[in-house]
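Observations on chain architecture
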Amino acid sequence: MPGYVSLLRAVNVGGRSIPMARLRDVYTALGYDGVRSYIQSGNLVFHSSQRSEAAVAGAIEAAIADEFGLAVRVLVRSHADMAKIARTHPFAKQVGAKGNALYVTFLASKPAAAKVKSIDAARYAPDAFKVVGREIYAVYPNGYGRSKLTLPLFEKTLGIEGTARNWNTVTKLAAMSGS
């Protein structure tokens with residue numbers, strides 16, 4: 001069965017709390033195998049017989065709405081996608097793969113090139129980003145918390161929902177999804 005990672009957007013922030021043990025139970029009830037969570041921010045690794053990431057995400061979103069009464073965007077990536085993402089951060093050498101300076105924003109879909117180009121990267125230096133497919137790789141040499149080049153900017157400019165994870169979380173999820 002294919003392995004997947006699901007990333008829940010805006011969970012356990014702003015009062016939208018979902019206990020991970022109950023969430024694992026929801027995934028198991030959906031028929032997913034080997035369900036494991038990583039930290040309390042809605043990161044789960046599992047296997048499913050479904051071959052469509054969109055179908056998996058839709059099933060999880062519906063189950064979360066039924067179980068918790070919350071509308072939560074769920075982004076799903078295959079094990080192969082996560083492994084590739086974990087190998088290819090374009091800024092890793094720049095900061096010595098320092099996990100707290102590197103982030104990946106997972107988008108619901110691939111953004112239009114014109115919208116990506118509309119973000120003036122020079123305006124946010126020394127922070128930088130690169131869009132590859134449905135992911136935005138970013139580096140924050142002075143820390144993510146001080147930057148204006150963040151998820152809300154990307155979502156507003158690109159018109160696509162997403163969720164960001166630091167490099168430590170990305171690499172851990174990639175490792176978990178392969179085991």
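So, here's what we can say about the structure.

1. Here we look at the sheet that holds strand β1 (residues 3-8)
- The strand order across the open sheet built from 4 strands is β2-β3-β1-β4, with neighbouring strands paired in antiparallel fashion. A single partner strand is all that each edge strand has here, and the edge strands are β2 (33-38) and β4 (74-78). Adjacent strand axes in the sheet meet at a mean angle of 20 degrees, parallel and antiparallel pairs treated alike.
- Inspection of the sheet shows β1 paired to strand β3 (residues 43-47) by 5 bridges, in the antiparallel sense. Pairing of Ser6 across the sheet is with Leu44, part of β3.
- Relative to the sheet, helix α2 (residues 53-68) contacts β1, β3 and β4, its axis offset from that of β4 by approximately 145 degrees.
- Each of β1, β2 and β3 is contacted by helix α6 (residues 167-177), which is oriented at about 165 degrees to β2, the strand it contacts most.

2. A look at the sheet that holds strand β7 (residues 135-139)
- Strands sit in the order β6-β7-β5-β8 across an open sheet of 4 strands; the sheet is antiparallel. This sheet does not close on itself; its edge strands, each paired only once, are β6 (128-132) and β8 (162-166). Sheet twist, expressed as the mean angle between neighbouring strand axes with direction ignored, is 20 degrees.
- As paired strands, strand β5 (residues 102-107) and β7 are joined by 5 bridges and run antiparallel to one another. The residue of β7 that forms the bridge with Leu102 is Val139.
- Its contacts with the sheet put α6 on β5 and β8, and the angle it makes with β8 is roughly 95 degrees.

3. Regarding the pattern of salt bridges
- The final tally for this structure, using the stated rule, is 7 salt bridges.
- Measuring nitrogen to oxygen at the nearest pair gives 3.1 Å for the salt bridge that ties Glu53 to Arg134. Of this pair, Glu53 sits in helix α2 while Arg134 sits in the loop between β6 and β7, and the two are 81 residues apart along the sequence.
- Arg73 is paired through a salt bridge with Glu61; the nearest N and O atoms lie 3.9 Å apart. Of this pair, Arg73 sits in the loop between α2 and β4 while Glu61 sits in helix α2, and the two are 12 residues apart along the sequence.
- Residue Arg73 is classed as partly exposed on the basis of its relative accessible area, which comes to 30%.
- By sharing partners, the salt bridges in this structure join Glu53, Asp81 and Arg134 into a single network.

Reading the values: rules and limits
Residues numbered from 1 in each chain as written. Predicted model: local features only at pLDDT ≥ 70, side-chain atom pairs only at ≥ 80, totals over all residues. Heavy atoms only, no water. Pairing = 2+ DSSP bridges. Helix = DSSP H or I, 4+ residues; strand = E, 2+ residues; numbered from the N terminus. Axes fitted to C-alpha atoms, helices over the stretch in contact; angles between N-to-C directions. Contact = heavy atoms within 4.5 Å. Salt bridge = Lys/Arg side-chain N within 4 Å of Asp/Glu carboxyl O. Buried < 20%, exposed > 50% of the residue type's maximum accessible area, 1.4 Å probe, protein only.

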